[in-house]
Each structure stands twice: as structure tokens, then as C-alpha cells.
Amino acid sequence: MKIHEYQAKEILKKFGVAVPKGRVAFTPEEAVKVAKEIGGDVWVVKAQIHAGGRGKAGGIKLARSYDEVYEYAKNMLGAKLVTYQTGPEGKIVKKVLVEQGLSIQKELYVGITLDRSTSRNVVMVSSEGGVEIEQIAAESPEKILKEYVDPKVGFMPYQARRLAFGLGLEGEAFKNAVKFLLALYKAY
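Described in the following lines is the structure provided in the data block. Along each chain, the written sequence defines residue order, and numbers are assigned to residues from 1. Given that this is a predicted model, residues contribute local features only at a pLDDT of at least 70 and side-chain atom pairs are listed and counted only at 80 or more, while totals for whole chains, interfaces and linings are drawn from all residues. Side-chain metrics in this entry use all non-hydrogen atoms of the structure; hydrogen atoms and water are not considered.

### Thoughts on a nonpolar patch on the surface
Patch rule: a residue counts if its relative accessible area is over 30% and it has no salt bridge; like charges are joined within 9 Å, and nonpolar side chains (Val, Leu, Ile, Met, Phe, Trp, Tyr) within 5 Å. For every accessible area listed, the method is Shrake-Rupley and the probe measures 1.4 Å; residues are considered covered only by the protein chains on display. The salt bridge definition used is simple: a Lys or Arg side-chain nitrogen within 4 Å of an Asp or Glu carboxyl oxygen. A grouping of I3, I11 and F15 is seen on the molecular surface, where their side chains present a nonpolar patch of about 210 Å² in accessible area. Numbered from the N terminus, helices here are DSSP runs of H or I no shorter than four residues, and strands are runs of E no shorter than two. By the element assignment, I11 lies in helix α1 (residues 5-14).

### Observations concerning α1
Partly exposed describes any residue whose relative accessible area lies between the buried limit of under 20% and the exposed limit of over 50%, with all areas from a 1.4 Å probe on protein chains only and scaled to the type maximum. Burial in α1 covers these residues: E5, Y6, K9 and L12. All buried residues of α1 lie within an arc of 120° about the axis, which places them on one face of the element. On its buried face, α1 sits against β1 (22-25), β2 (43-47), β6 (96-100) and α6 (171-187). Immediately beyond the C-terminal end of α1, within one or two residues, lies G16, with a positive phi of roughly 85°. For this quantity, the arc is that covered by the directions from the helix axis to the C-beta atoms. Here, two residues are considered to be in contact whenever any of their heavy atoms come within 4.5 Å of each other.

### Let's talk about the sheet that holds strand β8 (residues 120-126)
Spatially, 3 strands are ordered β7-β8-β9 in an open sheet, and the strand pairing comes out antiparallel. Each of the sheet's edge strands pairs with one partner strand only, and the pair in question is β7 (109-115) and β9 (144-149). On average, adjacent strands in this sheet sit at an angle of 20° to one another, irrespective of strand direction. Only strands that DSSP links by at least two bridges are regarded as paired with each other. As paired elements, β8 and β9 share 6 bridges and run antiparallel to each other. When the sheet's bridge partners are listed, V122 is paired in β9 with Y148. The strands that α6 touches are β7, β8 and β9; relative to β7, the one it contacts most, it runs at about 35°. The angle between two axes is taken between their N-to-C directions and runs from 0 to 180 degrees, where each axis is a line fitted to C-alpha atoms and a helix contributes only its stretch in contact.

See the structure below:
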């Protein structure tokens with residue numbers, strides 16, 4: 001199933017996972033309206049296409065004024081975004097996600113996919129968030145921690161704890177990661 005980032009965040013929110021305030025926009029004017037509704041003084045404008053590598057391709061911009069929100073949305077909407085996943089043909093950006101800007105202390109990776117070799121879902125995490133997971137898998141596969149899910153019992157709390165521990169999390173961050181991973185799998 002292919003869903004956009006904003007759609008994934010809507011699903012996560014329904015399951016109690018904290019996500020940044022934001023909404024999709026189809027015009028530069030609508031992007032500014034969303035930024036004003038969110039409030040604050042920093043926003044992120046993100047192209048919504050089905051492909052990774054948007055940031056490196058210019059599809060994710062940090063805006064510090066309504067004028068910048070407008071300009072970034074104007075430049076993205078209707079443009080062809082070419083990433084390592086789209087190939088040279090690229091994809092046309094038809095909508096952008098405008099989100100509140102947040103201070104990021106640490107980026108982590110989490111993903112859930114079907115492992116066809118075992119016919120089981122696998123929950124994967126890495127302390128190397130913010131970069132392409134394919135690159136980590138090729139260069140440092142030991143940095144990707146995996147928990148295979150038995151379809152008869154589902155993703156268990158001990159598995160979420162093991163992944164959070166493997167990420168080196170402690171205290172509140174550990175507890176929040178366990179809660180997040182369990183909610184994420186439930187939403188999946």
C-alpha cells in the first residue's frame with residue numbers, strides 16, 4: 001500500500017501517536033493559510049509524492065516566514081521532483097504538507113514491512129535516522145535491528161522493549177518508544 005506522509009500521520013494520530021501539527025495544501029495560498037492556523041514562526045513545507053529522498057531533491061524546505069511558505073509551496077506544486085526512487089522521469093508534486101517546525105534532538109528510523117522470505121512482518125529500527133535506510137542496509141546492516149512478528153500473537157510488548165533498548169533509549173524516551181512502536185504496529 002502506498003500512502004502519503006500526511007495520510008500516514010493521520011492514521012498514527014488516530015492511534016494516539018504524537019505527530020506535528022500540519023495539514024495538506026494544494027495551492028501556495030492554502031499553504032500560507034495552514035501555516036497561519038498552525039501558528040509559530042517556523043514551518044516545514046514537504047512535497048507529497050510516493051518516493052523517498054524528497055529532502056535531497058529539494059522537496060522538503062524549512063520556512064521562517066509566510067513569504068517563504070508561499071515561495072516554497074509555489075516552487076514545489078506542479079514541479080517534477082526527481083529522487084533516487086522516482087528515476088529520471090520524476091513525479092509531479094500535486095500537494096504539499098505544511099507542518100509546524102520542531103526542534104529535533106535525534107532522528108531514529110522505524111519501518112514495518114513484509115519479509116517475503118519468512119512470510120512475516122518485520123519491525124525494523126535504527127539509530128541512523130534521517131538517511132536512506134537502503135544506504136545503512138548496504139554499508140552497516142548491523143545498525144538495523146529487527147523483530148519478526150508471529151502472525152498468531154502479533155507484535156508483543158517485549159519486542160518493542162527490545163527494540164527501544166537496542167536504540168540505546170532510557171527513561172521517558174524508552175517508555176515513549178515502546179508505546180510508539182506498539183501503537184505504530186497496531187495502526188499498521
